[in-house]
Amino acid sequence: MFLSAEDFSTVVRSTPLISIDLIVENQAGEFLLGQRTQRPAQNFWFVPGGRVQKDETLERAFARLTEAELGTAFTLQDGEFYGVWQHFYDDNFSGTDFSTHYVVLGFRLRVDASALQLPDAQHSAYRWLTPEELLARDDVHDNSRAYFLTDKADKVIGL
């Protein structure tokens, strides 16, 4: 379902969004990060992902998001559930006048990197980094870094 910018602003201002983050691992044990072109987390390196749309099943959202973010559609069964996370941002898609809150379903996805066709709609560049490399960088967003911390259990919402 497509919402106008005004309607979407009301939603973001009023309620949490549900999204899927993709913790994408290649054959070398490196993880995919894209440099975000849009708010929130603009200019930070971030794992691929996106929000679940109204009336969209998780299976359909996963296929749509993997195709949009990785250039190849994967099924929900291709991913490994990685936990429920919370992301809070001081800004939003349209500026800084209200915050954004996501409830995030993380999925780890092991891929053949050569099979991906990474689009440039959401990210200006991509990098494959080891957990150690991405944790050492200040330009990797904390919400993406959390997936690789040894104490990540403290960041995950218990179900």
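Residues numbered from 1 in each chain as written. Predicted model: local features only at pLDDT ≥ 70, side-chain atom pairs only at ≥ 80, totals over all residues. Heavy atoms only, no water.

Identification of the chain as GDP-mannose mannosyl hydrolase from Buttiauxella brennerae ATCC 51605 is taken from an unreviewed UniProt entry.

S.K.: Would you take a moment to explain helix α1 (residues 5–14) for this structure?
M.R.: Helical periodicity: at 3.6 residues per turn, an α-helix aligns residues three or four positions apart in one direction. Taken as a whole, α1 has its buried residues at F8, S9 and V12. Around the axis of α1, the buried residues are gathered within 105 degrees of arc, so they sit on the same side. When the buried face of α1 is taken as reference, the exposed residues oriented beyond 90 degrees from it are E6 and S14. Against β1 (17–25), β4 (49–51) and β6 (100–110) lie the buried residues of α1. (Buried < 20%, exposed > 50% of the residue type's maximum accessible area, 1.4 Å probe, protein only. Helix = DSSP H or I, 4+ residues; strand = E, 2+ residues; numbered from the N terminus. Arc of directions from axis to C-beta. Contact = heavy atoms within 4.5 Å.)

S.K.: Please explain the environment of Q35 as it appears in this structure.
M.R.: Inspection of the secondary structure assignment puts Q35 in strand β2 (residues 31–36). Residues Q35 and V140 lie 105 residues apart in sequence; the distance between their C-alpha atoms is 8.7 Å. For Q35, the residues in contact, after removing those within four places along its chain, are N43, F44, W45, Q122, H123, S124 and A125. Polar contacts involving the side chain of Q35 include one to the main-chain carbonyl oxygen of N43, which spans 3.3 Å. (Polar contact = N/O pair within 3.5 Å; in protein donor to acceptor, adjacent residues only side chain to side chain.)

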